[in-house]
Protein chains: 2
Amino acid sequence: MPPLNRSRIVAAAIDLIEREGADAVSMRRIAADLEVGVMSLYNHVPNKSALLDAVSETILSEVEFTDDPAAPWTGRVRMQAQAFRQIAHTHPRSTMVVVSRQLKSAAGMLPVERALSTLREAGFGEQEAVQIFRVFIAYVIGSLLREVGVTPTFAPVHGAIRPGDVDPELFPEIGALAPHLSACDHEAEFDFGLDLLIEAIAGRLAQRTT
Amino acid sequence: MPPLNRSRIVAAAIDLIEREGADAVSMRRIAADLEVGVMSLYNHVPNKSALLDAVSETILSEVEFTDDPAAPWTGRVRMQAQAFRQIAHTHPRSTMVVVSRQLKSAAGMLPVERALSTLREAGFGEQEAVQIFRVFIAYVIGSLLREVGVTPTFAPVHGAIRPGDVDPELFPEIGALAPHLSACDHEAEFDFGLDLLIEAIAGRLAQRTT
DNA sequence: CTCCCGTACGTACGCTGTACGTCTCGACAG
DNA sequence: CTGTCGAGACGTACAGCGTACGTACGGGAG
């Protein structure tokens, strides 16, 4: 058994979250998984909150933000958004942990820097770039949280709508659209909204330069 | 002191969340606020999870979803999204509780029904309406969570970026745009993205009918 | 050798949700 | 009036939580 260290603790935490969900995370549980006393963890991690920050940081730094500065900005922002969505695939149950912690470290800032520089190079003004960035952040995070089931408003996490669940008198549309509400190709839906946003922003840019 | 009942418990829970945050909510704390034994709560509420569901339901049912079926769909969608955002104003610290709980009750379904029927009346197909609905949900929820500070990725909840916080060598854009990143008119930014989405969708609709 | 410090660990405190048993009090049947 | 009964309030108890604190050990420095 190698000596206890910070990265082993973080790895155990991520593993635990993915196996049993973020609610299952406790210092005692992690220590048990590592076959170690609870308080030994505190030699390498100051507290639980910092451990979750480290989890977020680790996952974020694994995302591959490949970027081709020569490509058109529309493709670049699409790639960046899709790269971010990879988190929902590689670490679905950790997604909420990742997005709910503000990281001041390089791992947290790099995606922001990349996105902002892409938008600036595309020709957007300072305030404009920030606004557009925030719109994308909101959409991407909202999509991720729906996909992983944190904000379950009619995304079928576990077979959402059963017949008899809704009264067709009161909610005719929900009843009629139930089959579509129960199925969801997350990737296709994500790309649909993403392209919609990019298209709208490209429209604004074109309209202004003419 | 009126007799204990479910609605007084829910009101106390909401009050506690708004005063001290969702993490401060515990059955003991609520009972203390009501000057009542802890276990008395369980005569009116089956468990804590159901209590939080009731909190979500109560807040959601207070949102005023006024809708004018005669107005153009673009305005109706905008109104509905803005009505939803009211939650972030009336109950900021409860927002995460509201959006993270799937409600099968009327209070939870009504906004969905309204939105879907608006989109259907606008002429969108079944699958299309659901997709567009999901895009709006993602954007609205992402915006709300940023506004109330749950997903704090560079929205200034409490003065985000202090000078010296970022290395201008590594993150030139973040450094240059720091003033804009530190300030945020939530309403204006929300409307900016909302109009962007509506504009893009209207474009698709127009393009198809020609 | 001694000293010292970092690491591992046990114990303990105050907190959590809630299962269970008990007590009290008002309503109603006889 | 009295006996019964049900509902609601409440105390106790248990398992689990984060973590402050004290202790023990093992290896490098002097």
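Residues numbered from 1 in each chain as written. Chains lettered and ligands numbered in written order. Predicted model: local features only at pLDDT ≥ 70, side-chain atom pairs only at ≥ 80, totals over all residues. Heavy atoms only, no water.

Participant: Help me understand the environment of B:Phe133, please; the structure alone is not making it clear to me.
Facilitator: Residue and element names in this part refer to chain B. If you trace the backbone, phenylalanine 133 turns up in helix α7 (residues 126–148). By relative accessible area, which is 5% here, phenylalanine 133 ends up buried. Residues phenylalanine 133 and leucine 116, spaced 17 residues apart in sequence, show a C-alpha to C-alpha distance of 6.8 Å. (Helix = DSSP H or I, 4+ residues; strand = E, 2+ residues; numbered from the N terminus. Buried < 20%, exposed > 50% of the residue type's maximum accessible area, 1.4 Å probe, protein only.)

Participant: Just checking my understanding: could you explain the interface of chain B and chain A for this structure?
Facilitator: It is common to give the size of an interface as the accessible area lost on bringing the parts into contact. In this assembly, 60 residues from chain B lie in contact with 59 residues from chain A. For the pair chain B and chain A, the number of links is six salt bridges. Measuring nitrogen to oxygen at the nearest pair gives 3.0 Å for the salt bridge that ties A:Arg134 to B:Glu189. On inspection of chain B and its partner chain A, the count reaches 14 residue pairs in polar contact (both at pLDDT 80 or more). Of all elements in the fold, only α5 (95–99), α6 (106–121), α7, α8 (172–176), α9 (178–182) and α10 (186–209) of chain B reach the threshold of two or more residues within the side of chain B that touches chain A. Sorting elements by how many residues they give to the side of chain B that touches chain A places α7(B) first, with 16 residues. By residue class, the composition of the side of chain B that touches chain A is 37 nonpolar, eleven polar and twelve charged. (Contact = heavy atoms within 4.5 Å. Salt bridge = Lys/Arg side-chain N within 4 Å of Asp/Glu carboxyl O. Polar contact = N/O pair within 3.5 Å; in protein donor to acceptor, adjacent residues only side chain to side chain. Nonpolar A, V, L, I, M, F, W, Y, C, P; charged D, E, K, R; others polar.)

Participant: Explanation requested: the protein's contact with DNA strand C in the structure shown.
Facilitator: Around DNA strand C sit 17 residues, and of these A:Met39, A:Ser40, A:His44, B:Ser26 and B:Arg28 come closest. Looking at DNA strand C alone, sugar and phosphate atoms form 46% of those within 4 Å of the protein. In this structure, a phosphate oxygen belonging to DNA strand C sits 2.8 Å away from a side-chain N or O atom of B:Ser26. Considered class by class, the residues forming the surface near DNA strand C number eight nonpolar, six polar and three charged. (Near = heavy atom within 4 Å.)

Participant: I would appreciate a short explanation of the protein's contact with DNA strand D in the present structure.
Facilitator: A:Met27, A:Arg28, B:Met39, B:Ser40 and B:His44 are the nearest of the 17 residues found near DNA strand D. A:Tyr42 places a polar side-chain atom, nitrogen or oxygen, 3.0 Å from a phosphate oxygen of DNA strand D. Interatomic distance of 3.0 Å between a backbone N/O atom of B:Gly37 and a phosphate oxygen of DNA strand D. When the residues that make up the surface near DNA strand D are grouped by side-chain class, the tally is eight nonpolar, six polar and three charged.

Participant: Help me out: how do you make sense of unusual backbone geometry in this one?
Facilitator: Backbone geometry places A:Glu35, a non-glycine residue, at a positive phi of 55 degrees. Here A:Glu35 is to be found in the loop between α2 (27–33) and α3 (48–62).

Participant: Please explain the relation of the copies chain B and chain A as it appears in this structure.
Facilitator: The relation between the two chain copies is a rotation about an axis coupled with a shift along that axis. Once chain B has been moved 0.0 Å along the axis and rotated by 180 degrees, it coincides with chain A to within an RMSD of 0.0 Å. In the structure described here, the two chain copies are related by an operation that fits a two-fold rotation axis. (Least-squares fit on C-alpha atoms with pLDDT ≥ 70 in both.)

Participant: Looking at this structure, I do not really get the pattern of salt bridges. What am I missing?
Facilitator: Oppositely charged side chains can pair when the atoms bearing their charge come close. Applying the stated criterion to the full structure yields 26 salt bridges over all chains. If you follow the salt bridges from partner to partner, you end up with A:Asp15, A:Arg19, A:Glu20, A:Arg29 and A:Asp33 in one network.

Participant: Please explain the packing of aromatic side chains as it appears in this structure.
Facilitator: Residue and element names in this part refer to chain A. According to the stated counting rule, one finds four aromatic pairs over all chains in the structure shown. Ring geometry for tryptophan 73 versus phenylalanine 124: centroids 5.4 Å apart, planes at 90 degrees, classification edge-to-face. Pair noted here: tryptophan 73 is in helix α4 (residues 73–90) and phenylalanine 124 is in the loop between α6 (106–121) and α7 (126–147), with a separation of 51 residues, a long-range link. Residue tryptophan 73 is classed as buried on the basis of its relative accessible area, which comes to 13%. We classify phenylalanine 124 as buried; its relative accessible area is 2%. Taking 5.7 Å as the distance between ring centres and 20 degrees as the angle between the ring planes, the aromatic pair formed by tyrosine 139 and phenylalanine 190 counts as stacked. Within this pair, whereas tyrosine 139 is found in helix α7, its partner phenylalanine 190 is found in helix α10 (residues 186–209), the two being separated by 51 residues in sequence. (Phe/Tyr/Trp six-rings, centres within 6.5 Å; stacked < 30°, edge-to-face > 60°.)

Participant: Where do I start with the packing of α7(A) against α10(B) in this structure?
Facilitator: A pair of packed helices is captured by two measures, namely the crossing angle of their axes and the spacing between those axes. One can describe the packing of α7(A) onto α10(B) by two numbers: an axis separation of 10 Å at closest approach and a directional angle of 70 degrees. When the axes of α7(A) and α10(B) are compared, the pair comes out roughly perpendicular. On α10(B), the residues that touch A:Gln131, A:Ile132, A:Arg134 and A:Val135 of α7(A) are B:Glu189, B:Phe192 and B:Gly193. (Axes fitted to C-alpha atoms, helices over the stretch in contact; angles between N-to-C directions. Parallel < 35°, antiparallel > 145°, perpendicular 65-115°, else oblique.)

Participant: What exactly am I supposed to notice about the environment of A:Asp195 here?
Facilitator: Structurally, A:Asp195 can be placed in helix α10. Counting along the chain gives 121 residues from A:Asp195 to A:Thr74, while the straight-line C-alpha distance between them is 8.9 Å. Not counting the four nearest positions on each side in its chain, A:Asp195 is found in contact with A:Arg78 and B:Arg204.

Participant: Any chance you could explain the domain arrangement of chain A here in plain terms?
Facilitator: Residues and elements named next belong to chain A. Per the domain assignment, the segments making up chain A are domain 1 (6–45) and domain 2 (63–209). Taking only C-alpha atoms into account, the centre of domain 1 sits 30 Å from that of domain 2. In this assembly, seven residues from domain 1 lie in contact with five residues from domain 2. Sorting the residues of domain 1 by area buried against domain 2 places Ile14, Ile17 and Glu18 first, and these three jointly supply 73% of that buried surface. Where domain 1 touches domain 2, the interface holds zero salt bridges. Counting across the domain 1 and domain 2 interface gives three residue pairs in polar contact (both at pLDDT 80 or more). Classifying every residue of the side of domain 1 that touches domain 2 gives three nonpolar, one polar and three charged. (Domains from an automatic or database assignment. Buried area = accessible area lost by both parts, 1.4 Å probe.)

Participant: Please explain the UniProt feature "domain: HTH tetR-type" (unreviewed entry) in chain A as it appears in this structure.
Facilitator: Residues annotated by UniProt as "domain: HTH tetR-type" (unreviewed entry) correspond here to residues 3–63 of chain A. Helix makes up 61% of residues 3–63 of chain A and strand 0%, whereas the separation of the span's terminal C-alpha atoms amounts to 28 Å. (UniProt positions renumbered as here; feature names shortened; annotations may be inferred.)

Participant: What is the right way to read the environment of A:Ala106 from this model?
Facilitator: Secondary-structure assignment places A:Ala106 in helix α6. With 49 residues separating them in the primary sequence, A:Ala106 and A:Glu57 have C-alpha atoms 8.9 Å apart.

Participant: Any chance you could explain α4(A) here in plain terms?
Facilitator: Residue pairs spaced three or four apart in an α-helix point in one direction, given the helix's 3.6 residues per turn. Residues and elements named next belong to chain A. With 18 residues, α4 ought to run about 26 Å at 1.5 Å a step, and its terminal C-alpha atoms sit 26 Å apart, in line with that. The complete set of buried residues in α4 reads Trp73, Arg76, Val77, Gln80, Ala81, Ala83, Phe84, Arg85, Ile87 and Ala88. As for α4, its buried residues are in contact with α3, α5 (95–99), α6, α7 and α10. (Expected span 1.5 Å × (residues − 1).)

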